[in-house]
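# Working through the structure, step by step
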Amino acid sequence: MVRRVVIAGWGQATQDKEPSHSLLDPLGLMREASLAAADRAGDGRLLQSVDAVLLTKTMSVQYQDPASRLSRALGASPRLKTVARIGGNSPQCLIHKAAGMILRGELDSVLVAGAETYYPRNANSGGEPSRLMSALDHGEPSDDMVGSTPLEKRHGMWLPIHGFPLFETAFWAESGKDLNAYLRRVGGMWAEFSRTAAQNPFSWTRTLRTTEEIVTPTSQNRYIAFPYTKFMTSLLSVDLGAAVLVMSEETARRFKRSADRFVYFTGGGYAEDRRRFMIQKSDFTWSPAYHSAVSKALERSGLRVEDLECFDLYSCFPCAVTMGQRVLGIGPEDPRPLTLTGGLGFFGGPGNSYSLHAVAALAEEVSRGRRTNGMITALGWFMHKLAAGVYSAIPGPVFSDRFDLEDEILPPVGDAPVDVDAEPSGTGVVETYTVVFSRNNEPEYAILYGKTDQGKRFAANTPAEPSRFSLLCTQNHVGRRVRLAYQKNSGKTLAEFQE
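These lines cover the structure that appears in this document, whether it is placed above or below. (Residues numbered from 1 in each chain as written. Predicted model: local features only at pLDDT ≥ 70, side-chain atom pairs only at ≥ 80, totals over all residues. Heavy atoms only, no water.)

## Some words on the packing of helix 5 (residues 160–175) against helix 10 (residues 318–328)
Viewed as axis vectors pointing N to C, helix 5 and helix 10 meet at an angle of 55°, and their least axial separation amounts to 8 Å. When the axis of helix 5 is compared with that of helix 10, the two are oblique. Read as a crossing pair, helix 5 and helix 10 show a hand that is left-handed. On helix 10, the residues touching Phe-164, Phe-167, Glu-168, Phe-171 and Glu-174 of helix 5 are Pro-318, Cys-319, Thr-322, Met-323 and Arg-326. For the contact of helix 5 with helix 10, the class distribution of residues is six nonpolar, one polar and three charged. (Axes fitted to C-alpha atoms, helices over the stretch in contact; angles between N-to-C directions. Helix = DSSP H or I, 4+ residues; strand = E, 2+ residues; numbered from the N terminus. Parallel < 35°, antiparallel > 145°, perpendicular 65-115°, else oblique. Left-handed = near helix turned anticlockwise from the far one by under 90°. Contact = heavy atoms within 4.5 Å. Nonpolar A, V, L, I, M, F, W, Y, C, P; charged D, E, K, R; others polar.)

Set out below in structure tokens:
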């Protein structure tokens, strides 16, 4: 018998922003979303017989064995319970895992869920430690917590907001446009994401933002790290949860009550970049892992890019969407939607679990007959871990029952990491950069990545001069030559521009 995989149910939960005595924690939001998913699948009781519970890693609250806790809350006794590693790619990867087990006949029904409760409701919470990275603050760091090298951290590059602007500045340089023209293009794309979020009942914010509002620095929209203002970054302080039920088609048919179309998972792909860290990359405008993941997903689904009707391209920052467009060959005039939720910047970015919301949104579109198919992409760290999935009302070919296992053990893709000079001297050329700002909207420091005259990668800071920061934030300095001086006491390199 041919086994096929369907997204049988999906649910989302958005917690009210107002203070309340009955606020849910992430597990509470997962339970709420799971019940909605079961109801959508046709029978709320089916959760009691689910074979597996797979969770994304919650970052806002520390849990011991959250998969078991959610299972008990749902009255379930699954044979398999697991929590994914850190990474925005993890929801799509968990669906791959579920699909592989279903295709091999190991399981018939899998619940995939995730949630965060980041939103601060206490008026005095300004003095409290941020919960955004609380899951990283306990115990020894595991490998999935590490996004940058010690050398990068010494130069102030360790969070996503420090790294993704480096991609954006490189795209800006490549465009040949002046800053205003470039930002109008990027801001226009982001304004469309805002429009989608404004129409989504599950969005954390439904405030429609114009291009000018998004790209213009103000007291309410300060620079975070050039060229990104606040409205160009992920909206992390959210309380959002989502769940999807992945099932064999045969099992799903036993529960289905509505006349809506089935949503088939027709192909997925996963890849990791051999050049894991930003400092190891030779090209900041291309991602071999992104290209590999989407190519696998398309091949397994039997579809071409031009056959797809819509996308939800991972949107932690604008450059991630631009990279997705590039690897898929989607031109700027392509009318197909690039987001179905409104993206992490407006719909909300609940830690590792955002893409579950994207899958739920696409499943709703397909099941209601508004779209025939679409693709979801998801990424972890700095374009390091990439996942893609294709969902359709049409079953398509039966892809390998081993694809998830094969993708997990395949070696990373792309060229070898570039050589790094940790103590450079002499001169070099800037390849990309960003300027990091304080909460007072003042530039704090600049991070430069480039190549020495010997062809080795360097990371550097510039002197903390307001005039230099101003120039970096108005004119593109990619391609400029710098003189490098390694400072032994701090372990940092100082870069002075040559006139």
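## Thoughts on the side chain of Thr-266
Locating Thr-266 in the fold gives a position in strand 8 (residues 264–272). By relative accessible area, which is 1% here, Thr-266 ends up buried. With residues up to four places along the chain from it excluded, the contact list for Thr-266 reads Arg-300, Ser-301, Val-390, Tyr-391, Ser-392, Ile-394, Pro-395 and Phe-399. (Buried < 20%, exposed > 50% of the residue type's maximum accessible area, 1.4 Å probe, protein only.)

## Considering the layout of surface pockets
The space that makes up the second largest pocket amounts to roughly 510 Å³. In this structure, the second largest pocket is lined by 23 residues; those nearest its centre are Arg-85, Asn-89, Cys-93, Tyr-270 and Glu-408. For the lining of the second largest pocket, the secondary structure elements donating two or more residues are strand 3 (80–83), helix 3 (90–103), strand 8 and helix 12 (403–409). No other element matches helix 3, which puts five residues into the lining of the second largest pocket. In terms of residue class, the lining of the second largest pocket is made up of seven nonpolar, six polar and ten charged. (1 Å grid on protein atoms, 1.4 Å probe; cavity = no way out; pocket = protein on both sides within 12 Å on 5 of 7 lines; lining within 4 Å. Points joined across faces, edges and corners; volume = space filled by probe spheres on them.)

## Observations regarding the packing of aromatic side chains
Applying the stated criterion across every chain yields a total of 20 aromatic pairs. Cluster of aromatic residues (ring-pair linked, three or more members): Phe-164, Phe-167, Tyr-228, Phe-284, Phe-317, Trp-381, Phe-382 and Tyr-449. The ring of Phe-262 is capped by Lys-256, whose NZ or CZ atom sits 5.4 Å from the centre of that ring. (Phe/Tyr/Trp six-rings, centres within 6.5 Å; stacked < 30°, edge-to-face > 60°. Lys NZ or Arg CZ within 6 Å of the ring centre and 35° of its normal.)

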